[in-house]
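Spelled out, the chains give:
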Amino acid sequence: MEFRTTGGATYCQVQTSGALDIELVCWHPRTGRIITMPGGTGFGAATHYTHRGAIRHRPAGFRTVGFGASWRFSIEGRGAGWNCYSSRKALTCTVGDERDTFFRLGRVRGFTTGGY
């Protein structure tokens, strides 16, 4: 339920705080930028903020998703989840197969979000 991109540019993990509260949290250890995306259609768009605690936070044991590779997580019983694609420029994650609810986190800096 967790991964990092090549070179540790971005780290992501699924976090739960109850039966209905599940989200994908990704952070950029270089800048401290954090993006969260609720898991499920209609649960809202990605939010973003900067947190000093995320700077240089590089936990061990995260699976690497290399350039050109994808990571997918389905939420059982909800018919949704996330699809993330790692490229040389950025990590792009969408809710399920939707293309309009997404975030894009650049390898060096920059981010974009879209959704409801």
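J.: Residues and numbers for the overall build of the protein chain, please.
T.: A tally of regular secondary structure across the protein chain gives zero helices and 11 strands. The helix and strand sequence of the protein chain, counted from the amino end, reads β-β-β-β-β-β-β-β-β-β-β. Relative to its 116 residues, the protein chain shows a buried fraction of 43%. When the accessible surface of the protein chain is totalled, it reaches about 6,300 Å², and 49% of it is carbon and sulfur.

J.: How would you sum up the confidence of the model for the protein chain? Please name residues and give values.
T.: For the protein chain, per-residue confidence averages 82 on the pLDDT scale, and 79% of positions sit at 70 or higher. Put simply, strand E11 (residues 111-114) is where the protein chain has its lowest mean pLDDT, 62, and strand E6 (residues 63-65) is where it has its highest, 96.

J.: Outline the state of the cysteines, supporting the account with residue identities and numerical values.
T.: The final tally for this structure, using the stated rule, is two disulfides. The disulfide bridge from Cys-84 ends at Cys-93, spanning 2.1 Å between sulfur atoms. One disulfide, between Cys-84 and Cys-93, carries an S-S torsion of 115° and so falls in the right-handed class. Like Cys-84, the residue Cys-93 is buried in the burial classification.

J.: Go over the pairing of strand E1 (residues 2-5), please, and point to the residues and values.
T.: Going residue by residue along E1, you find Phe-3 and Thr-5 tucked away on one face and Glu-2 and Arg-4 left uncovered on the opposite face. The pairing of E1 with strand E2 (residues 11-16) spans three bridges and is antiparallel. Of the residues in E2, the one forming a bridge with Arg-4 is Tyr-11. Judged from the three bridges that link them, E1 and E6 form a sheet pairing that is parallel. Within E6, the residue paired with Arg-4 across the bridge is Thr-64.

The rules behind these values
- Starting afresh in each chain, residues are numbered from 1 along the sequence in its written order.
- Note on the predicted model: pLDDT of at least 70 is required for a residue's local features to be given, and 80 or more for side-chain atom pairs to be given and counted; whole-chain, interface and lining totals, by contrast, use all residues.
- Side-chain metrics rest on all non-hydrogen atoms present in the structure, leaving aside hydrogens and water.
- Under the scheme used here, helices are H or I runs from DSSP no shorter than 4 residues and strands are E runs no shorter than 2 residues, and both carry numbers assigned from the N terminus.
- Note on classification: 1.4 Å probe, protein chains only; a residue is buried when its accessible area is under 20% of the maximum for its type, exposed when over 50%, partly exposed between these limits.
- Residue exposure ignores everything except the shown protein chains as possible cover, and the areas themselves are Shrake-Rupley values with a 1.4 Å probe.
- The predictor attaches a confidence to each residue, called pLDDT, with possible values from 0 through 100.
- By convention in this document, the label disulfide applies to cysteine sulfur atom pairs within 2.5 Å.
- Think of it this way: DSSP has to see at least two bridges between two strands before they count as a pair.

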